[in-house]
Amino acid sequence: MNQVMTQKPHEMLAATLAEELDAVNLLIRERMASKHAPRIPEVTAHLVEAGGKRLRPMLTLAAARMCGYEGDHHLKLAATVEFIHTATLLHDDVVDESAQRRGRPTANLLWDNKSSVLVGDYLFARSFQLMVDTGSLRVLDILANASATIAEGEVLQMTAATDLGTTEDIYLQVVRGKTAALFSAATEVGGVIAGAPEPQVQALFDYGDALGIAFQIADDLLDYQGDAAKTGKNVGDDFRERKLTLPVIKAIAQATDEERAFWERTIAKGRQQDGDLEHALELMAKYATLEATRVDAVAWAEKAKTALTALPEHPIRTMLIDLADYVVSRLH
């Protein structure tokens, strides 16, 4: 009993959905195979089998089961969601020139940028084949829209990341694109494939959207106050990469002329020197922006939990509520 109590919500979900997750993993391995280009499964396997939590496909499986689905199309949708996620990671690491993900070298470092981009394209194509297999135009519409929104969010982030004029609204738009769009699509298609009533499908979308936003805000906050051993990122990576995330946006909004000049030099122009990260942290402490960011993340987690009240009582619903709490519990 104690073992169950100490399990994290995503681990409990994984245990509850173990059989379906195994089927999804089998489907992923089958569909990432390539008769003519062995590099495709090599690159894909490096990421897919890197020990990620499979959170997004789990959300699809959880939503479908919670809504009483008894077919097998949800397995294809869960694999689709994982392929879209993996494709965006491959492309992101090239764009960000990243050398590490989940504590391991990135695919673009082990192979090259061309391989990462092309294998990402292949996975997008595979994901659309899986969507079509379900025979649902609505599902195709939801996931195609999510794919476009993700790309849009990445392009917006590229232009907004070093622009000191970036507001919290623009940041939220970026987060909705690059992270929340796939969370909300993952939960929404689970309800759609199960034939759930519209208010429940909307509730699943709202849950995924708010959970994704809470997840990304928490991730951005952990960049400044996380444990590198647990997060796989060094403290201040976002600062060094000149990414304007919420704690910094809040600090810039309150900055004096002198402080704004500091942000202009370090973020907008990228002229960083020793001691800059420490000074940035001092400015965030001065305006309590790390705490304000944590409050925002918690508020989004609460929105996610509230959305679930429209869904029927179910053990999985309880796990999804706990998952929303867990996403922000890392911030205390």
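Structure: see above.
In what follows, the accompanying structure is described. What you are looking at is a predicted structure, and each value in this text was computed from that prediction instead of being measured.

Our focus in this paragraph is the overall build of the chain. For the chain, the helix and strand inventory stands at 18 helices and 2 strands. Going through the 332 residues of the chain one by one, you find that 52% of them count as buried. Nonlocal contacts in the chain, meaning residues at least 24 apart in sequence, comprise 75% of its contacts between residues at least 6 apart. Carbon and sulfur atoms form 53% of the exposed surface of the chain, whose accessible area is close to 15100 Å².

All of the buried residues in helix α15 (residues 257–268) are E259, F262, W263, R265, T266 and I267. Buried positions in α15, seen along its axis, are confined to an arc of 165 degrees and lie on one side of it. Those residues of α15 that are buried are in contact with α13 (237–240), α14 (246–253) and α16 (276–286).

Our focus in this paragraph is the packing of helix α5 (residues 55–66) against helix α18 (residues 315–329). With their axes 10 Å apart at the nearest point, α5 and α18 run at an angle of 145 degrees to one another. Considering how the two elements wind past one another, α5 and α18 form a crossing that is left-handed. Residue-level inspection shows L55, L59, A62, R65 and M66 of α5 in contact with α18, the latter providing I316, R317, L320 and L323. Considering only residue class, the contact of α5 with α18 consists of 7 nonpolar, no polar and 2 charged.

Scanning the model with the defined rule gives 15 salt bridges in all. A salt bridge links R138 to E198, with the nearest nitrogen and oxygen atoms 2.8 Å apart. With R138 in helix α9 (residues 137–160) and E198 in helix α11 (residues 198–225), this pair connects stretches of sequence that are 60 residues apart. Of the residues examined, R138 reaches a relative accessible area of 35% and is grouped as partly exposed. A salt bridge links K286 to E259; its shortest N-O distance comes to 2.5 Å. In this pair, K286 sits in helix α16 while E259 sits in helix α15, placing the two residues 27 residues apart along the sequence. It is possible to trace a salt-bridge network through shared partners that takes in E168, K250 and D296.

Attention now goes to unusual backbone geometry. With phi around 60 degrees, R242 is a residue other than glycine that occupies positive phi space. Among the structural elements, R242 can be located in the loop between α13 and α14. Even without being glycine, A288 reaches a positive phi, approximately 50 degrees. Mapped onto the secondary structure, A288 falls in the loop between α16 and α17 (289–307). A residue is classified by how much of its surface remains accessible, and A288, at 41% relative accessible area, is partly exposed.

Basis of the calculations
Residues numbered from 1 in each chain as written. Predicted model: local features only at pLDDT ≥ 70, side-chain atom pairs only at ≥ 80, totals over all residues. Heavy atoms only, no water. Helix = DSSP H or I, 4+ residues; strand = E, 2+ residues; numbered from the N terminus. Buried < 20%, exposed > 50% of the residue type's maximum accessible area, 1.4 Å probe, protein only. Contact = heavy atoms within 4.5 Å. Areas by Shrake-Rupley, 256 points an atom, 1.4 Å probe, with all protein chains shown as cover. Arc of directions from axis to C-beta. Axes fitted to C-alpha atoms, helices over the stretch in contact; angles between N-to-C directions. Left-handed = near helix turned anticlockwise from the far one by under 90°. Nonpolar A, V, L, I, M, F, W, Y, C, P; charged D, E, K, R; others polar. Salt bridge = Lys/Arg side-chain N within 4 Å of Asp/Glu carboxyl O.

Purely geometric numbers; function is a separate question.
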